[in-house]
Structures are given as C-alpha cells and as structure tokens.
Amino acid sequence: MSAADRVGLGWRDALAASTYVHLDSIDVVEVILDDYLEAPARELRALRSLGREVSVIGHGVALGLASVSTVATSRVERLARVVNALEPQIWSEHLAFVRSGSYEIGHLAAPPRTGSTIEGAVANVETVRRIVGTLPALENIATLIDPPASTMSEPAWVTHIMAGTGSKLLLDLHNLYANAVNFGHDPFEYLCAFPLNRVQVVHISGGMWIQLESTRRLLDDHVHDVPDIVFCMLAWLAERCPQPLTVILERDGHYPEFGALLLQLRRAREALACGRAKRSREAHELAAV
Amino acid sequence: MSSQQFETFLARLYSDREFRERFLVLPEQVAAEAGLGEQEQRAALEIDKPGLRMAARSYEFKRAGRRSRRRLLRPPWRGV
C-alpha cells in the first residue's frame, strides 16, 4: 500500500458509534450528502466537526446526472449547501438517471449508453461544477438490465464522459464485477477497459445472486460481505494505477459485528499492499534490464 | 437515439407496475402509444425482459425501503 492510499468506511447512523471508536483503523469516512439536504445549520456544523477527527469525503445519490434531461438547478443548489458546509476533500455522484418526466425510479438506473446521454452527462456535470464550485468524481453503477438502445459498451461510455467532464472516476468494483458477470464479460478484461488513469476513489461492497426463471444475476445490495474476487480486483487495480487510491467499504444493512467490517478494511489494505508491491517489483525489474 | 421521451418511457417501465405488465403483454402497442420513434420502438421491443423484471423489483424494494425509513424519520436513500 502506498503512503497516500487510504481505506475507510461509509458513515452510517447505525455504525457511527463503533466507527468513531475505531478511527485508528479508519483513514477516511464517506458521508451520504443527500442524508443532510434538510439538515439545520447546527447539524451541518456537527457533521463538519467530524472532519476534525477523520478525513471526510461526500457522496451524492439522487442528482441523476447521466441523462438527456437537464438536472434541476434547485436540486444542485440544495446539494451545494451540504457540500459547502461539509467541505469534503472529494465528493462524488453516480453515472445514472433516477427520474424522467413525472416518474421517479427511486434508485439508480443505467441510461441508454449513447452519444446523447454522454452529451447530457457532460452538460449536467458542468452545471453542477458551476453551482457547487467543484467537480464531482463520477461512479459507475450496477444494473440488472442491459440498458436498451445502447450503442456502446459501458467502459467506452464511461471513458467518453470522463474525457468530456474532466472528472475523476469513482470506480465501484462490485458494480463493475456485477455488470461483467451479468452480461457475459470477463471481470478483469472488463476492468481493464475502464479509464483507470482517472480512478480516484474505489468502492467495495457485496451482493447476492438472484434468479428469475432461467436467468440468474448478481444484485449489488450492500448488505453482504465483500467477495474475494473484489479484493483480487483491488490488488490488480493497485498494481496498475500509480495514483493514490481512496477505498471505501459500503455497507447499508444487515450489519455484522463491527470487527467483521474492520476485517474487510484490513483485507482491502492487504490487497492494496499486494498490488503496490507487485508494481514496485516490476518497476525494479524493468530498471535492472 | 435516446430522447427524453425514451428515458421517460424507461422510467415509467421501471416504476409503474401496471404499465410494465401491460408492456410485457402488448409490447408493440404500448411502445407505439408511448410515441417513441421507429428506432426507439425497436429498442423497446428488444428489451432484456428478465432484466427488466428483476430491475423493476429491485427499484420497487428500494422505494418501499425509502418510504419506511421516512416513517421512522431516518435519512432517505442510502447510496449504491
């Protein structure tokens, strides 16, 4: 693990006390910004004080930036209030659409991967940058449905958006793994096709297999432990990315003993260390040739 | 391709159970009624149906979870 790599945990009410007690094992916490949209100034000040104890990054979940629809400035302004109060080191949003017309999907949906949604995402991210004052890192999402009307692969679509926005990538390895296995790709080849030079933050989490008739798919649900393959993917990533990585474990329910979460953080550190060591060995071997 | 109309059609498929069930029975009719262009209608007819059902259930579950959290005065919507 490089000195600049960090490993941390999503800040959740149910885990707050234990997280606070174990800050010696946690480099960074990720706060869900949308949880504080209605928060009074007093609560935002309290949240900001968390930043004096541990590095804080922010995560938005409901702007719906990857869409041909224009993001509502009122939504962005509400989020900007939280970002500006918290002053996170990094903040992020998803490459998803969450509503259209009068229909609220209620969660993150993959839009058609087309030139139009690339243009829409680039324009929406620019609106966000103008209002919030900083660019969000952008996260790849998991999808159970192959988005209809798509004209390009997910890695190509993400690469175009990264180039158009200038944003960093929040690479969710379990989302990537789920999309790879659900739609017939090798997870490591799929990973390799993403713009790895843009990765700044990494999410790790777990999921479960679900089945409908003869179709079986992996659901990214954040209520299961991180599978071994995601740690392997993290090591693989650390071997290939020279830049520092901030790794966040996401857990949204069915909380185990906190020790089990700390163990997963330790495994993430080991994966990073393994990848970094391999990278360093290869660099030395090359230099010796 | 990928108009706002098509995104709205998808958002409705993902969130309106009655509309979705009708589409799964009468895809051509429902796609035509939605006013989609020719290419978009074709894309709608080729939709990944098991994926649509699974995704819609997952979204429904998330919406229900969000409502129950609101009742408990907990924060809305945990991220993915």
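This one's a predicted model, so the numbers in the text were calculated from it and none came from an experiment.

Colleague: What exactly am I supposed to notice about the overall build of chain B here?
Modeller: Helices and strands together make up the secondary structure of chain B, namely five helices and zero strands. Secondary structure elements of chain B, listed N to C terminal, follow the sequence α-α-α-α-α. Counting the 80 residues in chain B, one finds 48% classified as buried. Counting contacts in chain B only where the partners sit at least 6 residues apart, residues at least 24 apart contribute 52% of the total. Split by element, the accessible area of chain B, about 4,300 Å² in all, is 48% carbon and sulfur.

Colleague: How should I be thinking about the interface of chain B and chain A in this particular structure?
Modeller: When the parts of a complex come together, some accessible area is lost, and that lost area is often taken as the interface size. If you look at the interface, chain B gives 34 residues, while chain A gives 50 residues. Across the interface of chain B and chain A, roughly 3,600 Å² is buried in total on both sides, 63% from carbon and sulfur atoms. Summed over the shared surface of chain B and chain A, the number is one salt bridge. With a closest N to O distance of 2.9 Å, Asp 48 of chain B and Arg 217 of chain A form a salt bridge. The interface formed by chain B and chain A contains eight residue pairs in polar contact (both at pLDDT 80 or more). The set of elements that each furnish at least two residues to the side of chain B that touches chain A consists of α1 (4–15) and α5 (49–71) of chain B. Top contributing element to the side of chain B that touches chain A by residue count: α5 of chain B, with twelve residues. A breakdown of the residues in the side of chain B that touches chain A according to their chemical character gives 16 nonpolar, eight polar and ten charged.

Colleague: Before we go on, may I ask you to explain the pattern of salt bridges in this structure?
Modeller: If charged atoms from side chains of opposite charge come close, those side chains can pair. Residues and elements named next belong to chain A. Enumeration according to the criterion identifies 18 salt bridges over all chains in this entry. Note that Asp 252 is salt-bridged to Arg 12, the shortest N-O span being 2.7 Å. Note that Asp 252 is positioned in the loop between β12 (246–249) and α9 (258–288) and Arg 12 in the loop between β1 (6–10) and α1 (16–21), a separation of 240 residues in sequence. Across this residue pair, the class does not change: Asp 252 and Arg 12 are buried. The residue Glu 38 makes a salt bridge to Arg 78 at a minimum N-O spacing of 2.4 Å. On the criterion of sequence distance, the pair formed by Glu 38 in the loop between β2 (28–32) and α2 (41–50) and Arg 78 in helix α3 (residues 73–86) is long-range, its members being 40 residues apart.

Colleague: In this structure, what is going on with the sheet that holds strand β4 (residues 91–94) of chain A? I would like to understand it.
Modeller: One key point about sheets: their strands pair by backbone hydrogen bonds, in either a parallel or an antiparallel sense. Residues and elements named next belong to chain A. Ordered by their spatial adjacency, eight strands build a closed barrel running β1-β2-β3-β4-β7-β8-β9-β12, and the pairing between neighbours is parallel. Averaged over all adjacent pairs, the angle separating strand axes in this sheet is 30 degrees, with direction ignored. Where β1 and β12 come together, four bridges link them in parallel fashion. Looking across to β12, one finds that Gly 8 is bridged to Ile 248. The sheet strands contacting α9 are β1, β9 (199–204) and β12, and the helix crosses β1 at an angle near 150 degrees.

Colleague: Even after reading the chapter, I still don't get the environment of Ile 118 of chain A, so can you show me in this structure?
Modeller: Residues and elements named next belong to chain A. Along the polypeptide, Ile 118 turns up in helix α4 (residues 115–132). A relative accessible area of 11% places Ile 118 in the buried class. For Ile 118 and Thr 159, which are 41 residues apart along the polypeptide, the C-alpha to C-alpha distance reads 9.8 Å.

Colleague: Which parts of the structure should I look at to understand the nonpolar core?
Modeller: Nonpolar side chains in soluble globular proteins tend to end up buried together. If you look at the biggest cluster of nonpolar residues, it comprises 76 residues, and the most contacted ones within it are Leu 171, Leu 173, Leu 191, Leu 196, Val 202, Ile 204 and Leu 237 of chain A. For this core, the leading source of residues is helix α8 (residues 228–240) of chain A, giving eight residues. Leu 173 of chain A has contacts with Leu 191, Val 202, His 203, Ile 204, Val 230, Met 233 and Leu 234 of chain A, leaving out every residue within four places of it along the chain. The next biggest cluster of nonpolar side chains, apart from the first, holds 27 residues, and it includes Leu 144 and Ile 145 of chain A together with Phe 19 and Ala 55 of chain B.

Colleague: Sorry, what's going on with the packing of α1 of chain B against helix α2 (residues 17–25) of chain B here?
Modeller: Each pair of packed helices can be described by the angle between their axes along with the distance between the axes. All names here are of chain B. For the pair α1 and α2, interaxial distance at closest approach is 6 Å and the crossing angle is 105 degrees. What the angle tells us is that α1 and α2 run roughly perpendicular. Taking contact as the criterion, the partners of Phe 9, Arg 12, Leu 13, Tyr 14 and Ser 15 in α1 are, on α2, Arg 17, Phe 19, Arg 20 and Phe 23. The class makeup of the residues in the contact of α1 with α2 is five nonpolar, one polar and three charged.

Colleague: What exactly am I supposed to notice about α4 of chain A here?
Modeller: Residues spaced three or four apart along an α-helix face the same direction, because each turn holds 3.6 residues. Relative to the 26 Å expected for 18 residues at 1.5 Å per residue, α4 of chain A spans 26 Å between its end C-alpha atoms, a close match to the ideal helical length. Within the span of α4 of chain A, buried status applies to Thr 117, Ile 118, Gly 120, Ala 121, Asn 124, Val 125, Thr 127, Val 128 and Val 132 of chain A. Buried positions along α4 of chain A lie against α3, β4, β7 (137–139) and α5 (154–165) of chain A together with α1 of chain B. Directly beyond the C-terminal end of α4 of chain A, a positive phi value near 100 degrees is found at Gly 133 of chain A.

What counts and what doesn't
- Residues numbered from 1 in each chain as written.
- Chains lettered and ligands numbered in written order.
- Predicted model: local features only at pLDDT ≥ 70, side-chain atom pairs only at ≥ 80, totals over all residues.
- Heavy atoms only, no water.
- Helix = DSSP H or I, 4+ residues; strand = E, 2+ residues; numbered from the N terminus.
- Buried < 20%, exposed > 50% of the residue type's maximum accessible area, 1.4 Å probe, protein only.
- Contact = heavy atoms within 4.5 Å.
- Areas by Shrake-Rupley, 256 points an atom, 1.4 Å probe, with all protein chains shown as cover.
- Buried area = accessible area lost by both parts, 1.4 Å probe.
- Salt bridge = Lys/Arg side-chain N within 4 Å of Asp/Glu carboxyl O.
- Polar contact = N/O pair within 3.5 Å; in protein donor to acceptor, adjacent residues only side chain to side chain.
- Nonpolar A, V, L, I, M, F, W, Y, C, P; charged D, E, K, R; others polar.
- Pairing = 2+ DSSP bridges.
- Axes fitted to C-alpha atoms, helices over the stretch in contact; angles between N-to-C directions.
- Core = buried A, V, L, I, M, F, W, Y, C linked by side-chain atoms within 4.5 Å.
- Parallel < 35°, antiparallel > 145°, perpendicular 65-115°, else oblique.
- Expected span 1.5 Å × (residues − 1).

Distances and angles like these do not, on their own, reveal function.
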